[in-house]
Amino acid sequence: MSKPITTRWNQRSQQLRLMIGRTTVAKAKVEDTNGPGGWIRNLNVAESYRRRGLGRRLVEEALQMARTGGCEGMGLFVAVDNAPAIALYRQTGFFIIATSDCRKYYVMAYRFNTAS
Ligand SMILES: CC(C)(COP(=O)(O)OP(=O)(O)OC[C@H]1O[C@@H](n2cnc3c(N)ncnc32)[C@H](O)[C@@H]1OP(=O)(O)O)[C@@H](O)C(=O)NCCC(=O)NCCS
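Computed from a predicted structure; not experimentally measured.

Mind laying out the site of the ligand, listing which residues take part and the relevant values?
Around the ligand sit 18 residues, and of these Arg50, Gly55, Arg56, Pro84 and Leu88 come closest. Going through the elements one at a time, β4 (37–45), α1 (54–69) and α2 (83–91) are the ones with two or more residues in the shell around the ligand. In terms of residue class, the shell around the ligand is made up of nine nonpolar, five polar and four charged.

Account for α1, naming residues and giving values.
Side chains that are three or four residues apart share a direction in an α-helix, a result of its 3.6 residues per turn. With 16 residues, α1 ought to run about 22 Å at 1.5 Å a step, and its terminal C-alpha atoms sit 22 Å apart, in line with that. Along α1, the positions that sit buried rather than exposed are Gly55, Leu58, Val59, Ala62, Leu63 and Ala66. What you see down the axis of α1 is that its buried residues fit within an arc of 135°, all on one side. Among the exposed residues of α1, those oriented more than 90 degrees off its buried face are Glu60, Gln64 and Thr68. Against β2 (15–20), β3 (23–31), β4, β5 (73–79), α2 and β7 (105–111) lie the buried residues of α1. Phi for glycine 70, located one or two positions after α1, is positive at around 95°.

Mind laying out the sheet that holds β7, listing which residues take part and the relevant values?
Taken in spatial order, the seven strands of this open sheet run β1-β2-β3-β4-β5-β7-β6, and their pairing is mixed. The two strands at the open ends of the sheet, each matched to only one other strand, are β1 (5–10) and β6 (95–99). Across the sheet, the axes of successive neighbouring strands diverge by a mean angle of 30°, strand direction being ignored. Judged from the seven bridges that link them, β5 and β7 form a sheet pairing that is antiparallel. For glycine 73, the partnering residue across the bridge sits in β7 and is arginine 111.

So, how was this worked out
- All chains use their own residue numbering, which begins from 1 and follows the written sequence.
- Since the coordinates come from a predicted model, pLDDT governs what is reported: local features require at least 70, and pairs of side-chain atoms require 80 or more to be given and counted, while whole-chain, interface and lining totals use all residues.
- A molecule or strand has a residue near it when that residue's C-beta atom, placed from backbone coordinates, lies within 6 Å of it.
- To qualify as a helix, a DSSP run of H or I must reach at least 4 residues; to qualify as a strand, a run of E must reach at least 2; elements of each kind are numbered from the N terminus.
- Gly falls in the polar group here, along with every residue not listed as nonpolar (Ala, Val, Leu, Ile, Met, Phe, Trp, Tyr, Cys, Pro) or charged (Asp, Glu, Lys, Arg).
- One less than the number of residues in a helix, times 1.5 Å, gives the span that helix is expected to have.
- Counts of 20 or more other C-beta atoms within 10 Å of a residue's own C-beta define buried residues, counts of 12 or fewer define exposed ones, and intermediate counts define partly exposed ones; C-beta atoms are placed from the backbone.
- The directions considered for the arc run from the helix axis to the C-beta atoms.
- A pair of residues counts as a contact when their C-beta atoms, built from backbone coordinates, are separated by no more than 7 Å.
- By this definition, two strands are paired if DSSP reports at least two bridges between them.
- Here, axes are lines fitted to C-alpha atoms. For helices the fit covers the stretch in contact, and angles between N-to-C directions go from 0 to 180 degrees.

Set out below in structure tokens:
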């Protein structure tokens, strides 16, 4: 049986990690989840653990933190040539809202449905 994946949150470093045993297999900074809009930064899945749904799980957990914190949405920057990451973010509900001035990054956003 494969080992379970556990989640760790470090408030001081604002880092969300997925662990298998004692090994960090995926991590991201998740910032400002108690303000109007949270941010995901530096998302990374260890190379040998990619294409197993860990990136998606990390993004979904970050979204859940922001939703619980009362955010209206989340944002992130992604390099325009990073097709795997863009596909992951689209799949989890983000969409492109802008391109950086230098044209190297997209700004992507996720909006929670706050209509009641
Ligand atoms: C981008 C990254 C985080 C994806 O993590 P992952 O755990 O492999 O992604 P998942 O297995 O959760 O994949 C979810 C979806 O993302 C897309 N995706 C992920 N890797 C992909 C690839 N190499 N090519 C195309 N689409 C890809 C697919 O749509 C996938 O869904 P599917 O498996 O049903 O086809 C990972 O490749 C990574 O760490 N890359 C280096 C760091 C990086 O670029 N970080 C993003 C910074 S903005």
